[in-house]
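# Chain and residue survey
Chain residues, written in single-letter form:
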Amino acid sequence: MPELPEVETIKNELAPQVKGRCFVGVELFRQKAVHEPSPEAFRQSLIGQEIMTIVRRGKYLLLRLSGGQTLIIHLKMSGMLLLKNVSCGPEKHTIAIFRLNGSADLHFVDQRQFGSMWLTENENKVIGKLGIEPLEPSFTPVILGNLLSQCRAAAKVLLCDQHAIAGIGNMYADEALFASHIHPLRKANTLSTDEVKRLHRGIVKVLQAGIKHRGASINTYRHPDGGIGKAHLEFQVAHRRGGSCLCCGSPIQRVSLRGRGTYFCFECQR
Ligand SMILES: [Zn+2]
């Protein structure tokens, strides 16, 4: 699933291509992907509006439009936003094609078909309950410590809770816990002050590295130009089951935590 670094990369690479351009047509191939308003109102309202800015909040992309509305997109498990030549039609998994004035159109393609869209004047209805942004200065070790202390579940569960911290998912939670030498099943409220500080540093470090390497293309994640990210090549544990720990040489372990594969080194993480 695209996480903060992947969505941030898409935002950074889409912005110069689509800012200032207008919707001239909207083709919907999966009506259910539109959560608000009705698919027909969605289509009609978009046409004629200009894309003013693109911002990211958690794993959501927000395209703020000239008419005062925001097109909110969540890529969910496998969504891709691809810029394609104006002559391109849908492929097998295309959810929507946004025809823009100018040279390329924006295609929303999603193999798993969970990708979601909203068109609203009230962004908070969709993103209002998201937690803190982990790369903002307001995310401090003290804030992280407070969140952890209120959570009786495993530390990894807290990291992936979008209402606590927005944007971290399975891959970067595993990487952040490895970077801070904390076992993913450690109870969140048992971490010491020193461990909280290490975890804070680990979170910021792995997210910044993810952005620097333009996201992780483990599965379907692609850049808007169709290129792949390189962040997964730097992963220490995530999706490396059976590989050797790059620190101590022990085999990387995998356990299931709330249905998600969780990768760690039993020597390096306590
Ligand atoms: Zn190790």
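Worth saying up front: this structure is predicted, and the values here are computed from it rather than measured.

### Here's the deal with the overall build of the chain
Along the chain, the regular secondary structure elements total 7 helices and 11 strands. Taken over C-alpha atoms, the radius of gyration comes to 20 Å for the chain, in line with the 18 Å a tight globule of 270 residues would show. Viewed in the frame of its principal axes, the chain has a C-alpha envelope of about 55 × 35 × 30 Å. Here the chain holds 270 residues, and the buried ones make up 40% of them.

### A look at the environment of Val204
With respect to the helices and strands, the residue Val204 is situated in helix 7 (residues 193–212). Since 15 C-beta atoms lie within 10 Å of it, Val204 is described here as partly exposed. Val204 has contacts with Pro134 and Leu135, leaving out every residue within four places of it along the chain.

### Quick word on the sheet that holds strand 6 (residues 79–85)
Pairing in this open sheet of 4 strands is antiparallel, and the strands run 1-7-8-6 from one edge to the other. Among the strands making up the open sheet, the edge pair consists of strand 1 (23–28) and strand 6. Each neighbouring strand pair of the sheet contributes to a mean axis angle of 20 degrees, computed without reference to strand direction. As paired strands, strand 6 and strand 8 (residues 104–110) are joined by 7 bridges and run antiparallel to one another. Each residue of the ladder has a partner; that of Leu81, found in strand 8, is Phe108.

### So, helix 4 (residues 141–149)
Those residues of helix 4 that sit buried are Leu144, Leu147 and Leu148. Around the axis of helix 4, the buried residues are gathered within 100 degrees of arc, so they sit on the same side. Residues of helix 4 that are exposed and point over 90 degrees away from its buried face: Val142 and Asn146.

### Topic: the domain arrangement of the chain
Segmentation of the chain into domains returns domain 1 (4–127) and domain 2 (141–264). For domain 1 and domain 2, the distance between their C-alpha centroids amounts to 28 Å. Every contact between the two is made by 18 residues of domain 1 and, on the other side, 21 residues of domain 2. Elements with a minimum of two residues in the side of domain 1 that touches domain 2: helix 1 (4–18) and strand 6.

### Here we look at the nonpolar core
Grouped together as the largest cluster of nonpolar side chains are 73 residues, with contacts concentrated most on Ala155 and Ala176. Per-element accounting of this core gives the leading share, 7 residues, to helix 6 (residues 170–179). No fewer than three residues from each of domain 1 (4–127) and domain 2 (141–264) sit in this core. If we ignore the near neighbours within four places in the chain, the residues touching Ala155 are Leu148, Leu177, Ile182, Pro184, Arg186, Ala188 and Leu191.

### So, the packing of helix 6 against helix 7
Where helix 6 contacts helix 7, the axes come no closer than 8 Å and their chain directions differ by 130 degrees. As judged from the angle between their axes, helix 6 and helix 7 are oblique. Judged by the sense of rotation from one axis to the other, the crossing of helix 6 with helix 7 is right-handed. Between helix 6 and helix 7, the residues in contact are Tyr172, Glu175, Ala176 and Ala179 and Leu199, Gly202, Ile203, Lys205, Val206, Leu207 and Gly210, respectively.

### Topic: the packing of helix 1 against helix 7
To characterise two packed helices, one gives the angle between the axes of the helices and the distance between these axes. Interhelical geometry of helix 1 versus helix 7 gives an angle of 35 degrees and a closest axis separation of 8 Å. For the pair helix 1 and helix 7, the crossing hand works out as right-handed. Between helix 1, through Leu4, Pro5, Glu8 and Thr9, and helix 7, the contact on the second element is made entirely by Leu207, Gly210 and Ile211. In the contact of helix 1 with helix 7, the residues fall into 4 nonpolar, 2 polar and 1 charged.

The rules behind the values
- Within each chain, residues carry numbers counting from 1 in the order of the written sequence.
- Thresholds applied to this predicted model are a pLDDT of at least 70 for local features of residues and 80 or more for the giving and counting of side-chain atom pairs; totals over whole chains, interfaces and linings are not thresholded and use all residues.
- In this description a helix means any DSSP run of H or I spanning at least four residues, a strand means any run of E spanning at least two, and both kinds are numbered starting from the N terminus.
- A radius of gyration in this sense is built from C-alpha atoms; the matching globule rule multiplies 2.2 Å by the number of residues raised to 0.38.
- Put plainly, a residue is buried at 20 or more neighbouring C-beta atoms within 10 Å of its own, exposed at 12 or fewer, and partly exposed in between, counting only other residues' C-beta atoms, which are placed from the backbone.
- Contacts here follow a simple rule: the backbone-placed C-beta atoms of the two residues must lie within 7 Å.
- Two strands qualify as a pair provided that DSSP identifies no fewer than 2 bridges between them.
- Only the stretch in contact is used when fitting a helix axis, every axis being a line fitted to C-alpha atoms; angles between N-to-C directions are given from 0 to 180 degrees.
- Summarising the geometry, the arc corresponds to the directions from the helix axis toward the C-beta atoms.
- By convention here, the domain bounds are inherited from an automatic or database domain assignment.
- Think of a nonpolar core as buried Ala, Val, Leu, Ile, Met, Phe, Trp, Tyr and Cys residues chained together by C-beta atoms that fall within 7 Å.
- Angles are sorted into four bins: roughly parallel if under 35 degrees, roughly antiparallel if over 145, roughly perpendicular if 65 to 115, and oblique for all others.
- Crossings are sorted by hand: turned counterclockwise from the far helix by less than a right angle, the near helix makes the crossing left-handed, and turned clockwise it makes it right-handed.
- Charged means Asp, Glu, Lys or Arg here, nonpolar means Ala, Val, Leu, Ile, Met, Phe, Trp, Tyr, Cys or Pro, and polar covers whatever is left, Gly included.

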